Amino acid sequence: MGKAEHIVRSAKGDGASNDEVMTPPYLLETIERVLGPIGLDPCSHPKSVVRSTTAIMLPKYASAVAQFARRTVYADGLQVVWRGHGLVFSNPPYSSPLMELFLTKALTDGDENVLLVPSRTGNVYWPKTAGLADVEVRLPRVKHLGEKTHAPFAQWLLYFGDRVEEAMGLGVLGDVRVHPRHLRYAKSPPWRLTQGRP
């Protein structure tokens, strides 16, 4: 079974009800204000409001067009090369093993990546994937677009890239953590730099 087929199957019924949640506009507006335009959304959906140059949608959505993207490609976002698109934003499927696959992809492909992910710091894959993000922003509970209530779990915006100082500007959304290898940017105790909300 290919990864795209797995994603479709996972989204249909293995308990993966969180695989199709839409990013709220205020998060996207802040990302664009701090880091600039989004070049690629590898996890697009017909209901997505991500403004990007290219949107990748699973083939099962072939009759739909990403309403806020200049170009829509129907493929598996894990199979597409992210490098060369500039800023990549993804709100990947939250089920296992898909979350780990997208986090690994963010580490190994793309010029700079921002991912919206649930806080799963206890999972075995977290330290070797999300834990290596250059900048982490711990968000208050997020109310996803179209949902009636806030998510029942904490979420993170993870930034992988070289523009650490700029990415720290995402701190207007929550608590910012800078990876220890970037301590030159931290003006407070190692690893934790909090900006934005008290």
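Residues numbered from 1 in each chain as written. Predicted model: local features only at pLDDT ≥ 70, side-chain atom pairs only at ≥ 80, totals over all residues. Heavy atoms only, no water.

Undergrad: Could you give an account of the overall build of the protein chain, naming the residues involved and the relevant values?
TA: Secondary structure assignment for the protein chain yields four helices and eight strands. Seen in sequence order, the protein chain has helices and strands lined up from the N terminus as α-α-β-β-β-β-α-β-β-β-α-β. Going through the 198 residues of the protein chain one by one, you find that 53% of them count as buried. For the protein chain, the share of sequence-separated contacts (at least 6 apart) that also reach a separation of at least 24 residues comes to 58%. Of the roughly 9400 Å² that the protein chain leaves accessible, carbon and sulfur atoms contribute 53%. (Helix = DSSP H or I, 4+ residues; strand = E, 2+ residues; numbered from the N terminus. Buried < 20%, exposed > 50% of the residue type's maximum accessible area, 1.4 Å probe, protein only. Contact = heavy atoms within 4.5 Å. Areas by Shrake-Rupley, 256 points an atom, 1.4 Å probe, with all protein chains shown as cover.)

Undergrad: Help me get a handle on the nonpolar core, residues and values and all.
TA: Soluble globular proteins: nonpolar side chains tend toward being buried together. Ranked by size, the top nonpolar core spans 48 residues in total, and within it Phe89 and Leu157 carry the most contacts. Beyond its immediate stretch of four places on either side in the chain, Phe89 contacts Thr23, Leu28, Ile31, Ile38, Leu40, Asp41, Pro42, Val50, Val114, Leu116 and Leu157. Formed by seven residues, the second largest nonpolar core is a distinct cluster that contains Ala55, Met57, Tyr61 and Ala64. (Core = buried A, V, L, I, M, F, W, Y, C linked by side-chain atoms within 4.5 Å.)

Undergrad: Describe helix 2 (residues 25-35), and please don't skip the residues or the numbers.
TA: Among all positions of helix 2, only Leu27, Leu28, Thr30, Ile31, Glu32, Val34 and Leu35 are buried. Following helix 2 by one or two positions, Gly36 has its phi on the positive side, about 100°.

Undergrad: For the confidence of the model for the protein chain, give the residues involved together with the corresponding values.
TA: Chain-level pLDDT for the protein chain is 81 on average; 82% of the residues reach the 70-or-more range. Every residue in residues 1-16 is under pLDDT 50, and counting partners more than four places away or in other chains gives 25 contacts. Taken as a whole, residues 189-198 scores under 50 in pLDDT and shows 35 contacts with residues more than four places along the chain or in a different chain. (pLDDT = per-residue confidence, 0-100.)

Undergrad: Residue-level account of the pairing of strand 2 (residues 52-57), with values.
TA: For strand 2, a buried count of five out of six residues is recorded, marking the element as mostly surrounded by other parts of the structure. Taken together, the three bridges between strand 1 (residues 38-41) and strand 2 define a ladder with parallel strand orientation. What sits directly across from Ile38, in strand 2, is Ser52. When strand 2 meets strand 3 (residues 69-74), the two strands line up parallel, connected through five bridges. Residue pairing in the sheet places Ala55 in a bridge with Thr72 of strand 3. (Pairing = 2+ DSSP bridges.)

Undergrad: Before we move on, can you summarise the pairing of strand 4 (residues 87-90) with the specific residues and values?
TA: On strand 4, burial covers both faces: Leu87 and Phe89 on one face and Val88 and Ser90 on the other are all buried. Taken together, strand 4, helix 3 (residues 98-108) and strand 5 (residues 112-118) form a β-α-β motif whose crossover is right-handed. (Right-handed = clockwise from strand over helix to strand, strands pointing away.)

Undergrad: Tell me about the pattern of salt bridges, and name the residues and values.
TA: Scanning the entire structure with this criterion turns up six salt bridges. In this structure, the salt-bridge partner of Asp111 is Arg83, at a minimum N-O distance of 4.0 Å. Placement of Asp111 in the loop between helix 3 and strand 5 and of Arg83 in the loop between strand 3 and strand 4 is noted, with a sequence separation of 28 residues between them. When its relative accessible area of 46% is taken as the criterion, Arg83 is described as partly exposed. With a closest N to O distance of 3.0 Å, Lys105 and Asp109 form a salt bridge. (Salt bridge = Lys/Arg side-chain N within 4 Å of Asp/Glu carboxyl O.)

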